[in-house]
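# Examining the three-dimensional arrangement
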Amino acid sequence: MSSTDAPPPGPGDDAGPATRERGGAVAGRLATAPLMSWITLALMTTSSVASLRSAPTMAVYGLACVFLYLVPALVFLLPTALVSAELASGWEGGVYRWVSEGLSKPLGFLAVWCQFAMTIFYYPSLLAYVASTIAYVVNPRLAGNGPYTAVVIMVLYWTGVWVSSRGTKAVAGLSSTGLVIGTLIPGTLLVVLGLVFLGQGNSSAAPMDAAHLFPEWTGLASLVLIVNNFLSYSGMEMNAVHVSSLRNPAREFPRSMFTASAMVLAIFILPALAISWVVPSSELSLTAGVMQAFDAFFQYFGIGWLTPVIAVALITASLGGMLTWLAGPSKGLLMISRQEGYLPPFLQRLNREGVQQNLLVAQGVVTTVIALLYALIPNVSSAYWIFSVITTQVYLIVYLLMFTAAIRLRRTQPDHPRGYRAPALVPICVIGLLSSAAAMAIGFVPSSQFGSGSVWTYVEIVGGGLLLGLVTPALFLRLRKPSWRSPEAEAELAAQEAHERRGTEGDA
């Protein structure tokens, strides 16, 4: 984004001393940003991507889950990591900046809007998982109860909004420890228990022979669950914005991304296999599958008292992750909207703590309506799957735009300084584009987890969610007014661009 994109200052827009001082402060903060190691970035990326929540979805396939995790890793995870590495090392500002530079500002707004909008469907599916986990502390029979799930989703979401709106620093502490207490420790324990279980001569609930390396083909519906893996792998580009904090981005960022990719694969595959060893696929719940496996192992080894303990660890990590997502995409959307005037002033308003409370509340109203659907859809697993698919569909728009922008930037700005250049960028982007488009198409095919519900109802719900990601930003762009811009945000943007120009001149 060049400085010439900003409109000329009007009579009342002259940057006074206070505004210039704020801009200088921003530039100073950017210039003194602390460095981080590539290992720290790898752990941050792993924390933002990896989770045990998706393990039951793939455990349904038993040994074939390895194949179903590796395929999207090769055609989606790897292209995303490589392409975002090049984009982040050349253009600061995340996906909005990349798409704006490569395509256009309206499409950049669409990309950052979809990053925000997908969380509207992400929260109900995440909190449905939390509700099922809480049930194993209170009453396991509640795990499949729709009204109970809807109530828990609404209570936890609005509690999260209240915590985030207070600007508490506890959010950072919760999210930073979530990877360890809610993913690495439980995941490792689950795999160890599974190996001991098999080592004592017990047979696996799912066949573990070579004949079951690939999923049984029964038409498109047999591969629909693979779509969920695109959502599982999404978010690799989020931490690409930290590339400038590395000492040697050209060497350390790819190393960080490949390390994170390996850790993510291990966290996804091994616990999914462990679940399939002890819980038959016909009995597996997509929301409570992790706790089903832990409960089965703990009961077998006579340590059932650990079930609520592990449930609390999983709940803590998931809530920490939710608070991180509450503070992340909405803040990114707010910053861009204040600079460019994409959202009306009411949604840009901050509370006393400097938090985008109105935007969070507006998001919460929609989330509450969606949560009520858990009380209306008979099967909680069906509702969970539907909202996971909608989340994926909306988020895939971001990747379609990102891959297209990367191709165009390589062609239109080949000499722009980049700390890292992805090898064979165009073929990699084409693979990413085709896999993302295929995942969107397959997402409209109901999986076996949808049960016997109407196919057209499923298509209408998924299509309606996808339209939310496209129509809403178009309306904001159409209604957009010059008065929606924030003078303070424009000063900060000018300071950031000046800092980037000095960095570019230094690289040259």
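Structure first, text after, so check above.
All of the points below concern the structure found in this document. (Residues numbered from 1 in each chain as written. Predicted model: local features only at pLDDT ≥ 70, side-chain atom pairs only at ≥ 80, totals over all residues. Heavy atoms only, no water.)

## Notes on the overall build of the protein
Along its length, the protein carries 19 helices and zero strands. The buried share among the 508 residues of the protein stands at 52%. Counting contacts in the protein only where the partners sit at least 6 residues apart, residues at least 24 apart contribute 83% of the total. When the accessible area of the protein is evaluated, it comes to approximately 21100 Å², of which 65% is carbon and sulfur surface. (Helix = DSSP H or I, 4+ residues; strand = E, 2+ residues; numbered from the N terminus. Buried < 20%, exposed > 50% of the residue type's maximum accessible area, 1.4 Å probe, protein only. Contact = heavy atoms within 4.5 Å. Areas by Shrake-Rupley, 256 points an atom, 1.4 Å probe, with all protein chains shown as cover.)

## As for the packing of aromatic side chains
Inspection of the entire model under this criterion finds 14 aromatic pairs. Seen in terms of ring centroids, Tyr395 and Tyr399 are 5.3 Å apart; in terms of plane orientation they differ by 50°. Their pairing is tilted. Placement of the pair is Tyr395 and Tyr399 together in helix 16 (residues 380–412), with a separation of four residues, close to one helical turn. We note that Tyr395, like Tyr399, is buried. What links up through ring pairs into an aromatic cluster is the set Tyr96, Phe109, Trp113, Phe116, Tyr342 and Phe476. (Phe/Tyr/Trp six-rings, centres within 6.5 Å; stacked < 30°, edge-to-face > 60°.)

## Section: the nonpolar core
Val83 and Tyr233 are the most contacted members of the largest nonpolar core, which has 139 residues in total. Considering every element that reaches this core, the biggest residue donor is helix 6 (residues 105–138), with 21 residues. Excluding residues within four positions of it along the chain, Val83 makes contact with Met402, Phe403, Ala406, Leu425, Ile428 and Cys429. (Core = buried A, V, L, I, M, F, W, Y, C linked by side-chain atoms within 4.5 Å.)

## Remarks on the packing of helix 6 against helix 18 (residues 455–479)
The interhelical angle for the contact between helix 6 and helix 18, taken along N-to-C directions, is 135°, at an axis separation of 9 Å. Judged on the interaxial angle alone, helix 18 and helix 6 are oblique. At the point where helix 6 passes helix 18, the crossing takes the right-handed sense. Mapping the contact onto sequence places Pro106, Phe109, Leu110, Trp113, Cys114 and Phe121 in helix 6 and Gly465, Leu468, Gly469, Leu470, Thr472, Pro473, Phe476 and Leu477 in helix 18. (Axes fitted to C-alpha atoms, helices over the stretch in contact; angles between N-to-C directions. Parallel < 35°, antiparallel > 145°, perpendicular 65-115°, else oblique. Left-handed = near helix turned anticlockwise from the far one by under 90°.)

## A word on the pattern of salt bridges
Side chains carrying opposite charge are able to pair once their charged atoms draw close together. Scanning the entire structure with this criterion turns up six salt bridges. Here Glu340 ties to Arg480 by a salt bridge, and the two come within 3.9 Å at their closest N and O atoms. Note that Glu340 is positioned in helix 13 (residues 329–340) and Arg480 in the loop between helix 18 and helix 19 (487–507), a separation of 140 residues in sequence. For Glu340, a relative accessible area of 3% translates into the label buried. Across the pair Arg485 and Glu340 runs a salt bridge, and its minimum N-O distance is 3.7 Å. Of this pair, Arg485 sits in the loop between helix 18 and helix 19 while Glu340 sits in helix 13, and the two are 145 residues apart along the sequence. Residues joined by salt bridges that share partners form a network here, namely Lys105, Glu340, Arg480 and Arg485. (Salt bridge = Lys/Arg side-chain N within 4 Å of Asp/Glu carboxyl O.)

## So, helix 4 (residues 65–90)
When the terminal C-alpha atoms of helix 4 are compared, their 36 Å separation across 26 residues agrees well with the 38 Å that a helix rising 1.5 Å per residue should span. At Ala73, helix 4 shows its maximal kink, close to 45°. Of all 26 residues making up helix 4, 19 are buried, and the element is well covered by its neighbours. (Expected span 1.5 Å × (residues − 1). Bend = angle between axes of the 7 residues up to and from the residue.)

## A closer look at helix 13
The end-to-end C-alpha distance of helix 13 is 17 Å, a good match for the 16 Å that 12 residues give at a rise of 1.5 Å each. Buried within helix 13 are the following residues: Pro329, Ser330, Leu333, Leu334, Ile336, Ser337, Arg338, Gln339 and Glu340. Of the residues trailing helix 13, Gly341 is marked for its positive phi of about 75°.

## Concerning the packing of helix 4 against helix 10 (residues 249–278)
Viewed as axis vectors pointing N to C, helix 4 and helix 10 meet at an angle of 160°, and their least axial separation amounts to 11 Å. Relative to helix 10, the element helix 4 is oriented roughly antiparallel. Here the hand of the crossing between helix 4 and helix 10 comes out right-handed. For the pair helix 4 and helix 10, the contacting residues are Cys65, Val66, Tyr69, Leu70, Ala73, Leu77, Leu78, Ala81, Leu82, Ser84 and Ala85 in the first and Phe253, Met257, Phe258, Ser261, Leu265, Phe268, Ile269, Ala272 and Leu273 in the second.

## Focus: the environment of Leu376
Positionally, Leu376 belongs in helix 15 (residues 357–376). Relative accessible area serves as the criterion here: at 65%, Leu376 is assigned to the exposed category. Distance from Leu376 to Gly146, taken between C-alpha atoms, is 7.2 Å for residues 230 residues apart in sequence.

## So, unusual backbone geometry
Residues apart from glycine generally show negative phi values, whereas peptide bonds are mostly found in trans. The phi angle at Ala424 is positive, at roughly 50°, despite the residue not being glycine. Tracing the backbone through its elements, the reader meets Ala424 in the loop between helix 16 and helix 17 (425–442).

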